[in-house]
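Chain by chain, the residues:
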Number of protein chains: 2
Amino acid sequence: MQVPVIQQILKANDQIAAENEKTFRAAGVHVVNVMASPGAGKTSLILQVLDRLPGLPVRLGAGVIEGDIASSIDADLIAAHGVPVVQINTGGNCHLDAPMIRSALDHLPLDNIDLLFIENVGNLICPANYRLGADLNLVIASVPEGHDKPYKYPGMFASADLVVLNKYDLAEVFEFDDAAFDRGVRMVNPTVPIHRVSARTGEGVEAWLSGLLQQLALQPA
Amino acid sequence: MQVPVIQQILKANDQIAAENEKTFRAAGVHVVNVMASPGAGKTSLILQVLDRLPGLPVRLGAGVIEGDIASSIDADLIAAHGVPVVQINTGGNCHLDAPMIRSALDHLPLDNIDLLFIENVGNLICPANYRLGADLNLVIASVPEGHDKPYKYPGMFASADLVVLNKYDLAEVFEFDDAAFDRGVRMVNPTVPIHRVSARTGEGVEAWLSGLLQQLALQPA
């Protein structure tokens, strides 16, 4: 009895995701769905990008949709950087879905936005199952979580178009096994780019941002 | 249409959780439901406890149920310590439920177990909604995740009978705000004990274990 209901929900979600995609295309908005564990550094890395956009040769307007169970801590941080942001509180839901994104679009100046980050709820499981209408899934892992995460959450890493390993400045402290991590990612996603960065020191952020913009066709390769 | 189905599922789950609880009581098994983000240190802290049990004045047999989306990495670690362990792979499910626990019980020597850890799926959201039949909910947070987690995942911290803040040896590196963290926990759970520990250095583990055993009435206060 449960399975058909869930399939219906996913099907309805996919339909609205396709509509969101059309809306984004029409407005020239490139959309990144950011997924990670709680505290992996989603907001910190988005802020690192926002700070670097004005220095790029190509002028890009940014926007952010923040997904959280509760609170507006992250949205407040983004707003303090002068970037348009909408907070979605999911109540108890462990992921964003396409209807939530659709309802957020009315509150964003899409015509001024070239690059939209959707920060999903902190969770390595459910968000991977719900299409939102984004161009690219960015999965952020972080060194303190350990190198075994791709083996434990294969669905999330399989869904990634781009993997960022954050807090890499602490790799030695945590005896992080780079080869084991990469092997785990490659098992489920053989060709996805993997970037090593630190939102704290800024190390690796420029190369990652450049790769991201190339994948979105917002910058020549 | 969805809500009644979910309510039915939760009701059926609660019923089986109550049966699990009876089974545990009858066998003299004290049960801890361990919940946390991916990589917060659930397995590491369980291993720290297992290593300390032989040194306690009271002799306690241990057992572990490991919940993961995929893999048996953690169960293999536990088994290497000579402790009975059952691995549950949930497939895609973001939490353990009472029927999964019931099916695991047949594979554990309950009569030899006084203290059973159930390591839930790494997730700060869904696991809090499913009773398993445990005596105590242990929520583990970790310093690298940041001090804002109780504000973002209030349901999880509200469900806790005991909070452990792990990786506390790195509090300075991460500029962890202790007062903000405690305030966030207290907002939703005014009286829950909060222990600061490091699974890496062992700091704080003894005091926490002592508190845990007292809460389970396995050690005099």
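Predicted, not measured: the structure shown is a model, and the values here were computed from it.

Conventions we followed
- Residues numbered from 1 in each chain as written.
- Chains lettered and ligands numbered in written order.
- Predicted model: local features only at pLDDT ≥ 70, side-chain atom pairs only at ≥ 80, totals over all residues.
- Heavy atoms only, no water.
- Contact = heavy atoms within 4.5 Å.
- Buried area = accessible area lost by both parts, 1.4 Å probe.
- Salt bridge = Lys/Arg side-chain N within 4 Å of Asp/Glu carboxyl O.
- Polar contact = N/O pair within 3.5 Å; in protein donor to acceptor, adjacent residues only side chain to side chain.
- Helix = DSSP H or I, 4+ residues; strand = E, 2+ residues; numbered from the N terminus.
- Nonpolar A, V, L, I, M, F, W, Y, C, P; charged D, E, K, R; others polar.
- Buried < 20%, exposed > 50% of the residue type's maximum accessible area, 1.4 Å probe, protein only.
- Right-handed = clockwise from strand over helix to strand, strands pointing away.
- Core = buried A, V, L, I, M, F, W, Y, C linked by side-chain atoms within 4.5 Å.
- Pairing = 2+ DSSP bridges.
- Axes fitted to C-alpha atoms, helices over the stretch in contact; angles between N-to-C directions.
- 1 Å grid on protein atoms, 1.4 Å probe; cavity = no way out; pocket = protein on both sides within 12 Å on 5 of 7 lines; lining within 4 Å.
- Points joined across faces, edges and corners; volume = space filled by probe spheres on them.

## Considering the interface of chain B and chain A
(1) Moving on: In this assembly, 35 residues from chain B lie in contact with 34 residues from chain A.
(2) Moving on: Here chain B and chain A share an interface that buries about 2700 Å² over both sides, 67% of which is from carbon and sulfur atoms.
(3) Moving on: Per-residue buried area on chain B facing chain A is highest for P38, I125 and K152 of chain B; these three make up 21% of the total on that side.
(4) Moving on: In this structure, D74 of chain A and K152 of chain B form a salt bridge, with 2.7 Å as the shortest nitrogen-oxygen distance.
(5) Moving on: The interface formed by chain B and chain A holds 7 residue pairs in polar contact (both at pLDDT 80 or more) in total.
(6) Moving on: Of all elements in the fold, only α1 (2–27), α3 (73–79) and α5 (149–152) of chain B reach the threshold of two or more residues within the side of chain B that touches chain A.
(7) Moving on: Taken together, the residues of the side of chain B that touches chain A break down into 19 nonpolar, 8 polar and 8 charged.

## Describing the pairing of strand β3 (residues 85–89) of chain B
(1) Moving on: A one-sided burial pattern is seen for β3 of chain B, the buried positions being V86 and I88 of chain B and the unburied ones V85, Q87 and N89 of chain B.
(2) Moving on: Crossover connection from strand β2 (residues 62–68) of chain B via α3 of chain B to parallel β3 of chain B: handedness right-handed.

## Quick look at the environment of E145 of chain A
(1) Moving on: Its location among the elements puts E145 of chain A in the loop between β5 (136–142) and α5 (149–152).
(2) Moving on: Along the backbone, E145 of chain A and A62 of chain A are 83 residues apart, and their C-alpha atoms lie at a distance of 29 Å.
(3) Moving on: The residues contacting E145 of chain A, other than those within four sequence positions of it, are S37, A40 and L124 of chain A together with P38, G39 and K167 of chain B.
(4) Moving on: Within the structure, E145 of chain A has its side chain in polar contact with the side chain of S142 of chain A (distance 2.6 Å).

## Overview of the nonpolar core
(1) Moving on: Counting residues in hydrophobic clusters, the biggest one holds 50 residues, and the most contacted among them are F157, V163 and F181 of chain A together with F157, V163 and F181 of chain B.
(2) Moving on: Among the elements of the structure, β5, α6 (154–158), β6 (162–166) and α7 (178–188) of chain A together with β5 (136–142), α6 (154–158), β6 (162–166) and α7 (178–188) of chain B are those that each provide at least two residues to this core.
(3) Moving on: Ignoring anything within four residues of it in the chain, the contact list for V163 of chain B reads V139, F157, F181, V185, V192, P193, I194 and H195 of chain B.

## Things to note about the sheet that holds β5 of chain B
Residue and element names in this part refer to chain B.
(1) Moving on: Strand order across the open sheet formed by 7 strands is β3-β2-β4-β1-β5-β6-β7, with parallel pairing between neighbours. A single partner strand is all that each edge strand has here, and the edge strands are β3 and β7 (194–196). The sheet shows a mean angle of 20° between the axes of neighbouring strands, taken without regard to direction.
(2) Moving on: In the sheet, strand β1 (residues 30–36) pairs with β5 via 5 bridges, with the strands oriented parallel. Bridging across to β5, V32 finds its partner in L136.
(3) Moving on: Contacts between helix α4 (residues 98–105) and the sheet are confined to β2, β3 and β4 (115–119), with β3 contributing the most and set at about 145° to the helix.
(4) Moving on: Together, β5, β6 and β7 form the strand contacts of α7, whose direction differs from that of β7 by roughly 150°.

## Digging into empty space enclosed by the protein
(1) Moving on: Throughout the structure, instances matching the rule amount to 1 cavity of 30 Å³ or more.
(2) Moving on: The calculated volume of the largest cavity comes to roughly 70 Å³.
(3) Moving on: Considering the residues around the largest cavity, the lining is formed by 14 residues, among which S142, P144 and E145 of chain A together with S142 and E145 of chain B are closest to the centre.
(4) Moving on: For the lining of the largest cavity, the class distribution of residues is 6 nonpolar, 4 polar and 4 charged.

Remember that the coordinates give geometry; whether it matters functionally is a separate question.
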